[in-house]
Amino acid sequence: MRSAYSVETVRAAERALMARLPEGALMQRAAAGLSAACAELLGRVYGSRVVLLIGSGDNGGDALYAGARLARRGAGVTAVLLSPERAHPQGLAALRRAGGVSVVPGAAGDAIGRADLVVDGIVGIGGKGGLRPDAERLVEAALRTRAAVVAVDLPSGVEADSGQVRGAAVRADLTVTFGTYKPGLLVDPAREYAGVVRLVDIGLELPAEPELEALQHADVARLLPRPAAESDKYRRGVVGVAAGSGRYPGAAVLAVSGALRGGAGAVRYVGPAAEAVIARFPETLVSDRGPAKAGRVQAWVTGPGAGDDAATVAEVLAAEVPVLLDADGLRLADRDAVRGRGAPTLMTPHAGEAAALLGVAREEVEGARLAAVRELAAVYRATVLLKGSTTLVADAAGGAVRVNATGTPWLATAGSGDVLSGLGGSLLAAGLSALDAGSVAAYLHGLAGRFAAQGAPAGAHDVAECVPEAWRDVRD
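Residues numbered from 1 in each chain as written. Predicted model: local features only at pLDDT ≥ 70, side-chain atom pairs only at ≥ 80, totals over all residues. Heavy atoms only, no water.

Named according to an unreviewed UniProt entry, the protein chain is Bifunctional NAD(P)H-hydrate repair enzyme originating from Streptomyces graminearus. Here is the UniProt Subunit (unreviewed entry) comment for the protein chain, exactly as written: "Homotetramer." (UniProt positions renumbered as here; feature names shortened; annotations may be inferred.)

Here it is as structure tokens:
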């Protein structure tokens with residue numbers, strides 16, 4: 001599992017470690033990892049041309065010491081000092097001893113134009129807001145070249161804790177981060193600025209609970225429900241799906257498909273699209289008596305394609321089993337009814353739906369996704385899965401937010417969210433917590449989207465068909 005910690009936590013861990021190490025040792029560890037990553041990216045260090053963009057913080061010191069290491073291996077290294085009087089003095093001295101040179105921004109044009117590699121050491125993890133104009137001009141010059149760009153710890157101009165980008169920022173090909181991931185490296189919009197992220201262990205001792213965590217294959221494999229020898233359909237989990245309408249019968253079909261392929265022992269469908277559901281999935285159990293009288297279920301999914309059927313959504317929310325609330329259900333659900341539920345609730349909005357629930361503009365949610373998902377979870381006392389290029393899952397009880405990046409832009413297609421709803425509902429019915437069900441569903445859904453598309457257009461039906469392939473990929 002990848003874990004990310006806040007700036008405050010990282011700095012406290014760094015202070016504790018520096019108190020036990022010789023002066024400058026921690027920076028040397030970081031510089032060693034940074035120079036190794038730069039050398040690997042260059043391929044051939046001797047004769048290469050490296051430009052360091054140096055600000056006034058410790059990131060600048062890391063870059064200067066790394067530049068000194070590259071200079072000793074035969075690279076031509078030029079440090080561009082944005083604040084010459086505030087550049088890390090020991091790092092700058094080390095660079096000059098190794099044969100590197102320093103220039104002021106006004107004299108940097110030729111060096112940047114000929115560079116093979118540009119290292120961003122402008123702003124550290126405590127930076128707020130976008131790049132200042134002088135730094136922005138240098139970064140723009142670097143991006144006009146064919147040079148690879150490496151960010152030190154975090155691309156300058158993105159915010160470490162929130163993942164927000166409030167102005168101009170460095171777009172790196174590679175980010176070398178130290179000690180632990182920072183939330184902004186895992187959450188959009190900042191994540192797209194980081195490029196490939198490489199973690200360098202510098203010996204930090206960090207708390208057990210991070211700010212953010214990203215499940216990997218092995219973590220998801222451990223959470224996947226598996227039938228035992230004595231399993232029957234009820235032990236595997238029966239999920240109820242109250243979805244669809246005369247206008248949107250396909251939403252019901254897709255939600256049922258996600259539930260069936262998500263491992264449910266059985267699916268009970270309630271709603272006006274029963275004929276379409278049975279025609280596609282004859283194993284579905286259908287009822288026209290409403291959710292309360294549909295029969296035994298271990299979890300409900302409601303909302304996809306529901307139109308204006310607030311009564312059905314309210315009836316599902318009154319059930320004493322876990323409920324996944326999506327699409328129209330998010331709009332129709334009474335906030336107090338959600339807050340007052342005794343059983344778990346998993347809400348799955350996209351940015352537009354989240355914005356409507358919070359009463360803000362969509363752009364505000366998209367620019368501060370981490371804050372938005374936490375606020376929704378707190379306001380509704382529910383687990384919230386915020387869909388997007390990086391999916392975030394925040395638990396009602398607080399704690400680490402889960403982040404998933406297996407998704408693909410090809411999932412931006414009508415009905416894809418309905419498949420995710422059914423998949424999440426099946427995992428709730430199998431006994432997973434709302435946090436785990438949301439996290440695993442997002443992970444499998446993202447993989448299924450990748451398998452379905454393979455670089456070409458694919459519809460929601462294709463995504464559903466590929467859920468078992470995603471399951472096998474994780475399991476094996």
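That covers the picture; the talk isn't over yet.
### Overview of unusual backbone geometry
Put simply, Asp188 and Pro189 share a cis peptide bond, and its omega is 10°. Its place among the elements puts Pro189 in the loop between β7 (174-178) and α7 (191-194). Even without glycine at this site, Ala327 takes up a positive phi of about 50°. Assignment of secondary structure puts Ala327 in the loop between β14 (323-325) and α13 (328-332). Residue classification places Ala327 among the buried positions, given a relative accessible area of 16%. (Helix = DSSP H or I, 4+ residues; strand = E, 2+ residues; numbered from the N terminus. Buried < 20%, exposed > 50% of the residue type's maximum accessible area, 1.4 Å probe, protein only.)

### Considering helix α2 (residues 25-42)
In a regular helix each residue adds 1.5 Å, so 18 residues correspond to 26 Å; α2 covers 26 Å between its end C-alpha atoms and thus fits that length. For α2, the set of buried residues is Leu26, Met27, Ala30, Ala31, Gly33, Leu34, Ser35, Ala37, Cys38, Ala39 and Leu42. Two residues or fewer after α2 comes Gly43, characterised by a positive phi angle close to 85°. (Expected span 1.5 Å × (residues − 1).)

### Re the side chain of Ser6
Tracing the backbone through its elements, the reader meets Ser6 in the loop between β1 (2-4) and α1 (7-18). Here the side chain of Ser6 touches Thr9 through a polar contact of 3.0 Å, side chain to side chain. (Polar contact = N/O pair within 3.5 Å; in protein donor to acceptor, adjacent residues only side chain to side chain.)

### Points about the UniProt feature "binding site: K(+)" (unreviewed entry) in the protein chain
Per the UniProt record, the feature "binding site: K(+)" (unreviewed entry) sits at Asn59, Asp120 and Ser156. For this annotated set, covering 98 residues, all C-alpha atoms fall within 9.9 Å of each other, a compact arrangement in space. Lining the second largest cavity, from the set of annotated residues above, are Asp120. Within the fold, Asn59 resides in helix α3 (residues 58-72). Classification of Asn59 by relative accessible area gives buried; the value is 7%. Filtering out sequence-adjacent residues up to four positions away, Asn59 remains in contact with Gly121, Val123, Gly124, Val152 and Asp153. For Ser156, a relative accessible area of 1% gives the class buried. Each residue touching Ser156, except ones within four places of it in the same chain, is listed here: Asp120, Ile122, Val123, Leu131, Ala169 and Val170. Reaching out from Ser156, the side chain makes a polar contact with the side chain of Asp120 at a distance of 2.7 Å. (1 Å grid on protein atoms, 1.4 Å probe; cavity = no way out; pocket = protein on both sides within 12 Å on 5 of 7 lines; lining within 4 Å. Contact = heavy atoms within 4.5 Å.)

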